[in-house]
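Each chain is listed here by its residues.
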Amino acid sequence: MPRRDTPTGFVPVKHRRPRLRRLLTAIVLVVLMWRGVVAVAPRGSIAGDTSASMQPPTSLFAFTRASDGLPIRWAGCAPIRYAIRVDDRGEPSVPADVVRRVLAQVEAVSNFRFFDAGTVVGLPLVGSAETGAQRLVRADIDLWIGGATEDDWPALKGHTAGEAGALEFERAATYLRVRTAFAIVEWNRIEPSPDSQVEQVLQHEIAHALGLAHVDSPTEQMAPQAIHGLVGYGPGDREGLRQASEEMRCP
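Residues numbered from 1 in each chain as written. Predicted model: local features only at pLDDT ≥ 70, side-chain atom pairs only at ≥ 80, totals over all residues. Heavy atoms only, no water.

Peer 1: Got a minute to help me understand the environment of G162 in this structure?
Peer 2: Structurally, the position occupied by G162 is in strand β11 (residues 162-171). Along the backbone, G162 and I190 are 28 residues apart, and their C-alpha atoms lie at a distance of 9.6 Å. (Helix = DSSP H or I, 4+ residues; strand = E, 2+ residues; numbered from the N terminus.)

Peer 1: Mind showing me how you'd approach helix α3 (residues 195-209) here?
Peer 2: For an α-helix the count is 3.6 residues per turn, leaving residues at separations of three or four pointing the same way. A rise of 1.5 Å per residue sets the reference length of α3, with its 15 residues, at 21 Å; its end C-alpha atoms lie 21 Å apart and thus fit the reference within 8%. Across the 15 residues that make up α3, a large majority, 13, are buried. Of the residues trailing α3, G211 is marked for its positive phi of about 120°. (Expected span 1.5 Å × (residues − 1). Buried < 20%, exposed > 50% of the residue type's maximum accessible area, 1.4 Å probe, protein only.)

Peer 1: Would you explain helix α1 (residues 96-109) in this entry?
Peer 2: With 14 residues, α1 should reach 20 Å at 1.5 Å per residue; the first-to-last C-alpha distance of 21 Å fits that figure. Those residues of α1 that fall on the buried side of the exposure criterion are A96, V98, V99, V102, L103 and V106. All buried residues of α1 lie within an arc of 165° about the axis, which places them on one face of the element. For α1, the elements touching its buried residues are β6 (80-86), β7 (114-121), β10 (143-148), α3 and α4 (235-244). (Arc of directions from axis to C-beta. Contact = heavy atoms within 4.5 Å.)

Peer 1: What is the right way to read the nonpolar core from this model?
Peer 2: One finds F112, F114, I145, L202 and L210 to be the most contacted residues of the largest nonpolar core, which totals 45 residues. At the level of secondary structure, the elements contributing two or more residues to this core comprise β6, α1, β10, β11, β12 (176-186), α3 and α4. If we ignore the near neighbours within four places in the chain, the residues touching F112 are W74, I80, V106, E107, L210, L241, A244, S245 and M248. Listed in part, the 14 residues of the second largest apolar core include V120, L136, L167 and F182. (Core = buried A, V, L, I, M, F, W, Y, C linked by side-chain atoms within 4.5 Å.)

Peer 1: Any chance you could explain the environment of P124 here in plain terms?
Peer 2: Secondary-structure assignment places P124 in the loop between β7 and β8 (125-126). On the accessibility criterion, P124 (0% relative accessible area) is buried. Between the C-alpha atoms of P124 and R85, which are 39 residues apart in sequence, the distance is 8.5 Å. When neighbours within four sequence positions are excluded, P124 is seen to be in contact with R135, L136, V137, W144, W153, F182 and I184.

Peer 1: How should the pattern of salt bridges be read in this particular structure?
Peer 2: Side chains carrying opposite charge are able to pair once their charged atoms draw close together. In total, this model carries nine salt bridges according to the counting rule given. A salt bridge links E199 to R101; the nearest nitrogen and oxygen atoms lie 2.9 Å apart. Remark: R101 occurs in helix α1 and E199 occurs in helix α3; sequence separation between them is 98 residues. Judged by relative accessible area, which is 10%, E199 ranks as buried. E239 serves as the salt-bridge partner of R242, at 2.6 Å between the closest nitrogen and oxygen. One end of the pair, R242, and the other, E239, are both in helix α4, three residues apart, so they sit about a helical turn from each other. Classification of R242 by relative accessible area gives partly exposed; the value is 36%. Take E239: its relative accessible area is 26%, and that puts it in the partly exposed class. If you follow the salt bridges from partner to partner, you end up with E170, R177 and R179 in one network. (Salt bridge = Lys/Arg side-chain N within 4 Å of Asp/Glu carboxyl O.)

Peer 1: For this particular structure, what's the right way to read the packing of aromatic side chains?
Peer 2: Two numbers describe a pair of aromatic rings. These are the distance of the centres and the angle of the planes. A complete count under the given rule lists three aromatic pairs for this structure. Between W153 and F182, the aromatic rings sit 5.7 Å apart at their centres with planes inclined by 70°, giving edge-to-face as the arrangement. Taken as a pair, W153 in the loop between β10 and β11 and F182 in strand β12 lie far apart in primary sequence, 29 residues in all. Overall, W153 belongs to the buried group, its relative accessible area being 7%. Look at F182 and you get buried, because its relative accessible area is 0%. Positioned over the ring face of F63 is R73, at 4.3 Å from the centre of the ring. (Phe/Tyr/Trp six-rings, centres within 6.5 Å; stacked < 30°, edge-to-face > 60°. Lys NZ or Arg CZ within 6 Å of the ring centre and 35° of its normal.)

Set out below in structure tokens:
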């Protein structure tokens, strides 16, 4: 199992990878990270992931948790400001219409709301990993969404097709409040796929960025393996997104 324990305190979760032709299979690595904390999971388990190995197989949704057990949560009244990465020619690195469709699906079943903050050039993170001072490349956005290659983003090497994670946090009474996050896909691997498969990868990674973890269920997009032909979020995904957004309400 790939690991990514660094001085910035990455807590590895899993990611989705594509299979030959029609089926996108195993999710290999997702990252939950925050400043100044290093959480180490025993080999064969995943710190911060309430996934199939850590819960009854009948559970239909689960939340990503820090090593101290606190779930991660977005909170506040304002919509989440997102930006899509573009290349040097201004072309989106992922299909903007598919991103908007996935975000609309999330809004339809939860309190999450999103604001299109335009585009962004470059990889999601800037700053020093050694000092833990990393932040999103644009200070005026909350969620970076885009594509990259394994040359750009080393965590995408091998068969990994995506990575998502929360970067900056503040501690609340019963959860860690997310301030910024990203969802990244390996575009060279999924670009030849039909839009439906690209949409599945984005559904999975965006849900990770919003706080969902893996579940062992063939009816959910958050399953460790992509289910060919599964359209939209499953019932557990939808309930998980609803509960994950309970703090996203105006007074």
